Amino acid sequence: MRKLYLIAVLFILALSTGFSQSLHFCEGVNDQGQPVNSSSTFKIDRNGGYFFFLVQLPYQINCTSVKFKIYKRGPSGNLTFDTSISTDTERNWSWFWKQVTFTKPGNFEVEVVDCNGNSIVSRSVKVEYR
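Everything numeric here is computed off the predicted structure, so don't read it as measured data.

Thresholds, definitions, all that
- Residues numbered from 1 in each chain as written.
- Predicted model: local features only at pLDDT ≥ 70, side-chain atom pairs only at ≥ 80, totals over all residues.
- Heavy atoms only, no water.
- Helix = DSSP H or I, 4+ residues; strand = E, 2+ residues; numbered from the N terminus.
- Buried < 20%, exposed > 50% of the residue type's maximum accessible area, 1.4 Å probe, protein only.
- Contact = heavy atoms within 4.5 Å.
- Areas by Shrake-Rupley, 256 points an atom, 1.4 Å probe, with all protein chains shown as cover.
- Phe/Tyr/Trp six-rings, centres within 6.5 Å; stacked < 30°, edge-to-face > 60°.
- pLDDT = per-residue confidence, 0-100.
- Core = buried A, V, L, I, M, F, W, Y, C linked by side-chain atoms within 4.5 Å.

**A short note on the overall build of the chain**
Then, number 1: When its secondary structure is counted, the chain shows 1 helix and 10 strands.
Then, number 2: Counting from the amino terminus, the chain carries its helices and strands in the arrangement α-β-β-β-β-β-β-β-β-β-β.
Then, number 3: Per-residue burial over the chain gives 32% buried out of 130 residues.
Then, number 4: Counting contacts in the chain only where the partners sit at least 6 residues apart, residues at least 24 apart contribute 63% of the total.
Then, number 5: On the chain, roughly 8,300 Å² of surface is accessible, and the fraction owed to carbon and sulfur atoms is 51%.

**Observations regarding unusual backbone geometry**
Then, number 1: Phi is positive for Asn-37, close to 55°, though the residue is something other than glycine.
Then, number 2: Along the chain, the position of Asn-37 falls in the loop between β3 (35-36) and β4 (41-44).

**Concerning the packing of aromatic side chains**
The geometry of two aromatic rings is summed up by the distance between their centres and the angle between their planes.
Then, number 1: Scanning all chains against the criterion turns up 11 aromatic pairs.
Then, number 2: Ring geometry for Phe-25 and Phe-51: centres 6.1 Å apart, planes at 90°, overall edge-to-face. One end of the pair, Phe-25, is in strand β1 (residues 22-26); the other, Phe-51, is in strand β5 (residues 49-56), and 26 residues separate them in sequence. The exposure classification of Phe-25 matches that of Phe-51, with both residues buried.

**Re the confidence of the model for the chain**
Then, number 1: Residues of the chain with pLDDT of at least 70 account for 85%, and the chain-wide mean is 90.
Then, number 2: Low pLDDT, under 50, characterises residues 3-17; the stretch is placed with 0 contacts to residues that sit more than four places away or in other chains.

**Focus on the nonpolar core**
Then, number 1: Phe-53 and Phe-102 are the most contacted members of the largest nonpolar core, which has 24 residues in total.
Then, number 2: Contributing elements (two or more residues each) for this core: β1, β4, β5, β6 (65-73), β8 (95-102), β9 (106-113) and β10 (119-129).
Then, number 3: Considering every element that reaches this core, the biggest residue donor is β10, with 4 residues.
Then, number 4: Apart from the residues within four sequence positions on either side, Phe-102 is in contact with Ile-44, Gly-48, Gly-49, Phe-51, Phe-53, Ile-70, Phe-108 and Val-127.

Following this line, the structure appears as structure tokens:
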């Protein structure tokens, strides 16, 4: 009985992982909504540089806009709000992207928030000077 329970739990976890929302940081997005050169670290010039935030969902967003809330992580690990960037969406989209420019290095936490104020997904990214 215990084995059957364990197998059921692992199966459910595998299914939920396969259909979860994701945030990718990448150099581009192809026509099928897949990231091009995804990474968690990006190098920018001293005058700034950009990369893309790609959100993939297992459902339709059902919103006409979302926000990317960007927090900078301090040396002790604390988060300080840096900026918020909005992007328009269509209600039936299950993936969308935004080109975002960074002008300073650091460790950042990006939170994606839907039009109802619900947090969809968050992820860390490191930005370094070349």
